[in-house]
Amino acid sequence: MDRENADKRYMRMALELAARGRGRVSPNPMVGAVVVKGGRVLGRGFHQKAGGPHAEVYALAEAGEDAAGATIYVNLEPCCHSGRTPPCTKQIIAAGITRVVAAVEDPDPRVSSAGLRELAENGVQVTTGVLAEEARRLNEVFFKYITTGRPFVILKAAISLDGKIAARTGDSQWITGEESRRRAHELRREADAVVVGVQTVISDDPLLTVRLPATPGSGKEKQPLRLILDTRARIPLAAKVVKEDPQRTVVVTGSDPPAHKVAALEAAGVRVWTLPLRRGRVSLPALLAKAGEEKLTSLLVEGGGEVNAAFLEENLVDKVYLFLAPRIIGGATAPTWVEGKGVAKVALGSIWRNTGLTRIGNDLLLEFYPEKEGVDVHRDRTGTGPGAAGD
């Protein structure tokens, strides 16, 4: 096997390992590492949780003394700074690794080429760009957050063939099948926070939790924060998101909500964020800024048509997941997944790039990115960043 094909083979292994950290390492990136010598894999590892050892540490430990003279494959440039864990570059050098293959450079300003430069200055051969697009896509959440200080926004909707999210009576259970609902819960598990409007809470009284079958040794299921957009703090104190695990609920109000309602929510254990208004509603750019300050790297928007429209109209959505069910609901007044004012001409509608189509039971899962942004998920669209995602 020639070097180019070997590099791709082992980098795919690193990417597969990295993906095992999905939903577990925020605000850090998913990273996998593979140590190879003489065509034999000596060590494997992946970053398992924020604050824990990095992928390179696990892989080098498994390889042991045999790591001397080997190549290590990582899907992201090794870190060269000290946080909650020591620099990986120094451990790579100390292990006697002679070649590092990194898919992409780390956009974290504390690293950003410095790690690769340190390795090269210490006699380690460095190769980059192997399966770079796949590596960027895997860590699209991290790349967006670390370069802009804002979370990656995913909009998810379950719709009928005619675009409805409920019947004219408001009934919405269930449009999609059980397999799709399981995948939707996996998306919740991967997100730092779920966003809905207060009307969804009033109408459906959802829990907004991850409910998946337990797997042996998995421990307690990771739960996202629940962000409720509620300009005037109308949320009922009897709502499930208030009564059950209230410390995971944040009610996001406008700048001047009724003081007695805020006091009642806080007394119940719910946090309240008061943000500026924009067009009579909570400012979504301000929400993203606040979420970034709270180190929320990804938001899963599960709102109704009005909330979805608000995020889309402000060009704040980075990715769309549509679960399409083979069902026709009909009804002129039945809610659709995007409402709002809409555009005056078809030509003014936004264009989205379809990058995935998966059959899930009898449903289809479609994946889209904004056409104008393509897949350049690491581009800084605001010119600011948090400086570091943390370890």
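That block above? That's the structure.
Once a new chain begins, its residue numbering starts again from 1 and follows that chain's sequence as written. In keeping with the predicted nature of the model, local features appear solely for residues at pLDDT of at least 70, side-chain atom pairs appear and are counted solely at 80 or more, and the whole-chain, interface and lining totals rest on all residues. Side-chain calculation: all heavy atoms of the structure are included, whereas hydrogens and water are not.

Numbering goes from the N terminus for both helices and strands, where a helix is a DSSP run of H or I of at least four residues and a strand is a run of E of at least two. Here arginine 226 lies in strand β8 (residues 225–229). Under the scheme applied here, a residue whose accessible area is under 20% of the maximum for its type counts as buried, over 50% as exposed, and between as partly exposed, the area being computed with a 1.4 Å probe on protein chains only. Positive charges come from Lys and Arg alone, negative charges from Asp and Glu alone, with His and the N- and C-terminal ends not counted. When a carboxyl oxygen of Asp or Glu is within 4 Å of a side-chain nitrogen of Lys or Arg, the pair counts as a salt bridge. No salt bridge forms around the buried arginine 226; measuring N to O, its nearest opposite-charge neighbour aspartate 245 is 5.4 Å away. Looking at arginine 226, its side chain comes within polar contact range of the main-chain oxygen of glutamate 244, at 2.6 Å. For arginine 226, the contacting residues outside a window of four places in its chain are Val194, Leu207, Leu208, Thr209, Val241, Glu244, Asp245, Pro246, Arg248, Thr249 and Val250. By the criterion applied in these results, polar contacts are pairs of N or O atoms within 3.5 Å in which, for protein atoms, one can donate a hydrogen and the other can accept it, and in which residues neighboring in sequence qualify only through two side-chain atoms. Residues are treated as being in contact if the distance between any of their heavy atoms lies within 4.5 Å.

Before going further, it helps to spend a moment on the pattern of salt bridges. A complete count under the given rule lists 19 salt bridges for this structure. The closest approach of N and O atoms between glutamate 4 and lysine 8, which form a salt bridge, is 3.6 Å. Highlighted residues: glutamate 4 and lysine 8, both in helix α1 (residues 3–18), separated by four residues, approximately one helical turn. On the basis of relative accessibility, which here comes to 30%, the residue lysine 8 falls in the partly exposed class. We note a salt bridge from arginine 188 to glutamate 302, for which the minimum N-O separation is 2.8 Å. Separated by 114 residues along the polypeptide, arginine 188 in helix α7 (residues 178–190) and glutamate 302 in the loop between β13 (298–301) and α12 (305–313) bring together distant segments of the chain. Counted as one network, the salt bridges with shared partners bring together Arg137, Glu140, Lys319 and Glu367.

Within the sequence span of helix α4 (residues 114–121), burial applies to Gly115, Leu116, Glu118 and Leu119. What you see down the axis of α4 is that its buried residues fit within an arc of 160 degrees, all on one side. Buried residues along α4 sit against α3 (88–94), β4 (99–102) and β5 (125–128). Directly beyond the C-terminal end of α4, a positive phi value near 85 degrees is found at glycine 123. Directions pointing from the helix axis toward each C-beta atom define the arc.

Once that is clear, we can look at the packing of aromatic side chains. Think of it this way: a Phe, Tyr or Trp ring, Trp meaning its six-membered ring, pairs with another when their centres are within 6.5 Å, and the plane angle makes it stacked under 30 degrees, edge-to-face over 60, tilted otherwise. With the rule as written, the count across this model stands at two aromatic pairs. Plain terms: the ring middles of tyrosine 10 and tyrosine 73 are 5.3 Å apart, the flat faces sit at 45 degrees to each other, and that makes the pair tilted. Of this pair, tyrosine 10 sits in helix α1 while tyrosine 73 sits in strand β3 (residues 71–74), and the two are 63 residues apart along the sequence. Residue tyrosine 10 is classed as buried on the basis of its relative accessible area, which comes to 5%. Aromatic side chains phenylalanine 142 and phenylalanine 143 sit 6.2 Å apart centroid to centroid with 80 degrees between the ring planes, which places their arrangement in the edge-to-face category.

Another aspect to go through is unusual backbone geometry. The residue after serine 26, namely proline 27, is reached through a cis peptide bond having omega 10 degrees. Take proline 27: it is sitting in the loop between α1 and β1 (32–37). Note that the residue after glutamine 173, namely tryptophan 174, is joined by a cis bond; omega there is -10 degrees. Within the secondary structure layout, tryptophan 174 lies in the loop between β6 (152–159) and α7.

It is worth spelling out the pairing of β3 at this point. Neither face of β3 is open: one carries Thr71 and Tyr73, the other Ile72 and Val74, and all of them are buried. Strand direction decides the pairing type here: β1 and β3, joined by four bridges, are antiparallel. Looking at β3, one finds that valine 34 is bridged to tyrosine 73. Only when DSSP finds a minimum of two bridges between them are two strands counted as paired. Across four bridges, β3 lies against β4 in parallel orientation. Looking across to β4, one finds that tyrosine 73 is bridged to valine 101.

Attention now moves to the side chain of threonine 147. Along the chain, threonine 147 turns up in helix α6 (residues 140–148). Threonine 147 sits in the buried class, given a relative accessible area of 12%. A polar atom in the side chain of threonine 147 sits 2.7 Å from the backbone oxygen of phenylalanine 143.

So, about the sheet that holds strand β16 (residues 363–370). Here we have nine strands laid out as an open sheet, ordered β10-β9-β8-β7-β13-β6-β14-β16-β15, and mixed in their pairing. Looking at the sheet topology across the chains shown, the edges are occupied by β10 (271–274) and β15 (352–360). Across the sheet, the mean angle separating the axes of adjacent strands is 20 degrees when strand polarity is ignored. Here strand β7 (residues 193–197) runs beside β13; their pairing, made up of three bridges, is parallel. Looking at β13, one finds that valine 195 is bridged to valine 301. Structural elements are reduced to axes, namely lines fitted to C-alpha atoms, with helices fitted over the stretch in contact, and the angle between N-to-C directions of any two is expressed from 0 to 180 degrees.

Another aspect to go through is the sheet that holds β4. In a beta sheet, neighbouring strands are held together by backbone hydrogen bonds and run either parallel or antiparallel to one another. If you walk across this open sheet you meet the five strands as β2-β1-β3-β4-β5, and the pairing is mixed. If you trace the sheet from one side to the other, it starts and ends with β2 (40–46) and β5, each paired once. This sheet shows a mean twist of 15 degrees between the axes of neighbouring strands, independent of strand direction. Where α1 meets the sheet, it contacts β1, β2, β3, β4 and β5, and its direction lies at approximately 145 degrees from that of β1. Contacting β4 and β5, α4 crosses the sheet at an angle of about 150 degrees to β5.

Glancing now at the nonpolar core. In globular proteins that are soluble, nonpolar side chains generally tend to be buried together. The biggest cluster of nonpolar side chains holds 44 residues, and the ones touching the most others in it are Met11, Val35, Ile72, Ile97 and Val100. A total of seven residues in this core trace back to one element, the largest contributor, which is α1. With residues near it in sequence (within four places) discarded, valine 100 still touches Ile72, Val74, Pro78, Ile92, Leu119, Val124, Gln125, Val126 and Thr127. Among the buried residues, those of types Ala, Val, Leu, Ile, Met, Phe, Trp, Tyr and Cys that are joined through side-chain atoms within 4.5 Å form a nonpolar core. Within the second largest apolar cluster, 33 residues are counted, among which are Leu155, Leu287, Val301 and Leu322.

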